[in-house]
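# Survey of secondary and tertiary structure
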Amino acid sequence: MNFKTKILCILWIIVTNTIHSQESWSLEDCITYAIEHNLQLKDFRYNQQTNQETYRQSIRNLLPDINAFSDYNIRYGRSVDPNNNNIVNTDFFSNNYRLNAEITLFQGFQKLNTIKASKILHKASNEEALHQKYLLAFRVMSAFYDLQFIEGLLVISKEQEQVSQKNYALVKRQVEIGQKAKADLYEAESALLADKLLVTQNENKIVAAKLKLIQEMNLEDATTISIQSLRIETNPEKTVLQADKDSIYNTAKTFVPILKAQELRVEAAKKQLAIARGGLYPSLSFFAGYQTGYYETNVNENTQEVIPFSNQIKDNVSKYIGVSLNIPISSRGANRSRIKQQKIEMMRASNNLDLQKQEVYQLIQQLVQEGEALKTEYLQSSQKMKAQTLTFDVAQKKYEKGLISTIELNQSKNLLANSQNENLQVQLRLKVNESTLDFYKGSPVFNINRAQ
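The present account deals with the structure reproduced in this document. (Residues numbered from 1 in each chain as written. Predicted model: local features only at pLDDT ≥ 70, side-chain atom pairs only at ≥ 80, totals over all residues. Heavy atoms only, no water.)

## Looking at the pairing of strand β5 (residues 92–106)
Bridge analysis of strand β2 (residues 65–75) against β5 gives 11 bridges, and the strand direction is antiparallel. Looking across to β5, one finds that N67 is bridged to N100. Across 12 bridges, β5 lies against strand β7 (residues 283–295) in antiparallel orientation. When the sheet's bridge partners are listed, E102 is paired in β7 with F287. (Pairing = 2+ DSSP bridges. Helix = DSSP H or I, 4+ residues; strand = E, 2+ residues; numbered from the N terminus.)

If you want it as structure tokens, here you go:
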């Protein structure tokens, strides 16, 4: 490889790394990455897999229980001959083989109810995992907008710094030609340094906000991140009536995962109560078996020689079939106690459902009320910002003509910066509020697949 080729390779590596480091993340990209790499979601996926296997095993429990058994015994001294039950003093060995099969014909419908309960619990775990995805998406969205807000503050503070820098240069020239005293220059320099400090503080806040977003995404081996700032489109004129909270809630009940999960857990608790009650019923089982063995004491009557292994295995075969009936009479109150405990669990599950419904309804109430308040604040803050912009423009012109002091100019400049900050903050809060309400209205706010 010649020198020119090496230089081209190095330049290509630098350009590639620069492009990679400048990769810009959209909100959807951040949410998608977070869902794929979040460790808590992995734990919920493991829980889903466990519940799925429990459901599959409950179906397999309907199959017969088949077991094979074999032993090899060596007996010493006085013992019972298993071939003829005679007492012998001779050392000998025996070898037995047995195959058993048993299937439950009736058990108070416990197995069928177990299948239904495990299936419902599997669906509930799917809904809970989906709920965690939505919670993570909201956390990422909040961190994303927080970062965008601080980036907006940085832009505003840099604009203020540029104004102070311009005024400082103006005062410096005026001092040099004797139009202003040196004290005015100190005031202008103080304002400039204050704005530079604010820029530095906002830059540090951006680093912290980026770290929070990186942590929510679980973005490994990353120290910084660049986002695609969203264009905030709000419609303050759009009104949401307080009565709409009921219609929003009725819509939310049909799809919010945590509500569906809790409803499923109530159904599962009912099935588990039926399982407990099934313990009071008799159980009926069918069984069958095949067994044979080889005994060293089993000899030919004429030759007194031990009958060969293959002959004994065929000759000693025994088969059996039968049914068994188990009637529970007394279990020291254990069955009754399990029924009572399961009734309590069912009531607890129902209460948890009511609690979840209450929390969702109250949250929607708060969102509707907050949305109305934010829309009013946004209109007022926008008007305030426009007024402060005009006021500052006038103050700047007066300052350049020497009609007002540096202190008065800085006051006007600070009021403008505060109004810009307030407007930006209200605008982003309103966007988060609208997105959250849209979610409860059933709109596809996040690109999350409901299929499990």
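## Let's talk about helix α10 (residues 406–440)
For α10, which comprises 35 residues, the first-to-last C-alpha distance of 51 Å matches the rise-based estimate of 51 Å (1.5 Å per residue) to within 8%. One or two residues past the end of α10 sits G442, with phi positive at roughly 95°. (Expected span 1.5 Å × (residues − 1).)

## Observations concerning the pairing of β7
The sheet contact formed by β7 and strand β8 (residues 318–326) spans nine bridges and is antiparallel. Directly across from Y290, in β8, lies its bridge partner K319.

## With respect to a nonpolar patch on the surface
On the surface, a nonpolar cluster with roughly 840 Å² of combined accessible area is contributed by L105, L284, F286, I321, V323, L325, I327 and I329. A total of three residues in the nonpolar patch trace back to one element, the largest contributor, which is β8. Note on placement: I327 falls in the loop between β8 and α9 (334–400). (Patch = residues over 30% accessible without salt bridge, like charges linked within 9 Å, V, L, I, M, F, W, Y side chains within 5 Å. Areas by Shrake-Rupley, 256 points an atom, 1.4 Å probe, with all protein chains shown as cover. Salt bridge = Lys/Arg side-chain N within 4 Å of Asp/Glu carboxyl O.)

## As for empty space enclosed by the protein
Scanning the model with the defined rule gives one cavity of 30 Å³ or more in all. By volume, the largest cavity is sized at about 30 Å³. Forming the boundary of the largest cavity are S164, N167, A188, A191, T406, L409, N410 and K413. Breaking the lining of the largest cavity down by element, the ones donating at least two residues are α4 (110–176), α5 (182–217) and α10. Residue classes in the lining of the largest cavity are distributed as three nonpolar, four polar and one charged. (1 Å grid on protein atoms, 1.4 Å probe; cavity = no way out; pocket = protein on both sides within 12 Å on 5 of 7 lines; lining within 4 Å. Points joined across faces, edges and corners; volume = space filled by probe spheres on them. Nonpolar A, V, L, I, M, F, W, Y, C, P; charged D, E, K, R; others polar.)

## Considerations on the side chain of S58
Among the secondary structure elements, S58 is positioned in helix α3 (residues 39–60). Of the residues examined, S58 reaches a relative accessible area of 3% and is grouped as buried. Once you skip the residues sitting within four places of it in the chain, S58 turns out to touch T114, I115 and S118. (Buried < 20%, exposed > 50% of the residue type's maximum accessible area, 1.4 Å probe, protein only. Contact = heavy atoms within 4.5 Å.)

## As for the packing of helix α6 (residues 244–252) against α9
Running from N to C, α6 and α9 cross one another at 140°; their axes reach a closest spacing of 10 Å. On the basis of their axis angle, the class for α6 and α9 is oblique. The two elements α6 and α9 meet at a crossing, and its hand is right-handed. Along its contact with α6, which presents K245, D246, I248, Y249 and A252, the element α9 presents K357, V360, Y361, I364, Q365 and V368. Looking at side-chain class alone, the contact of α6 with α9 contains seven nonpolar, one polar and three charged residues. (Axes fitted to C-alpha atoms, helices over the stretch in contact; angles between N-to-C directions. Parallel < 35°, antiparallel > 145°, perpendicular 65-115°, else oblique. Left-handed = near helix turned anticlockwise from the far one by under 90°.)

## Brief notes about the nonpolar core
Among soluble globular proteins, nonpolar side chains are generally buried collectively. Ranked by size, the top nonpolar core spans 50 residues in total, and within it L213, M217, I364, Y440 and F446 carry the most contacts. Of all elements in the fold, only α2 (27–37), α4, α5, α6, α7 (257–278), α9 and α10 reach the threshold of two or more residues within this core. Counting residues in hydrophobic clusters, the runner-up holds 12 residues, among them A188, F392, Y399 and L409. (Core = buried A, V, L, I, M, F, W, Y, C linked by side-chain atoms within 4.5 Å.)

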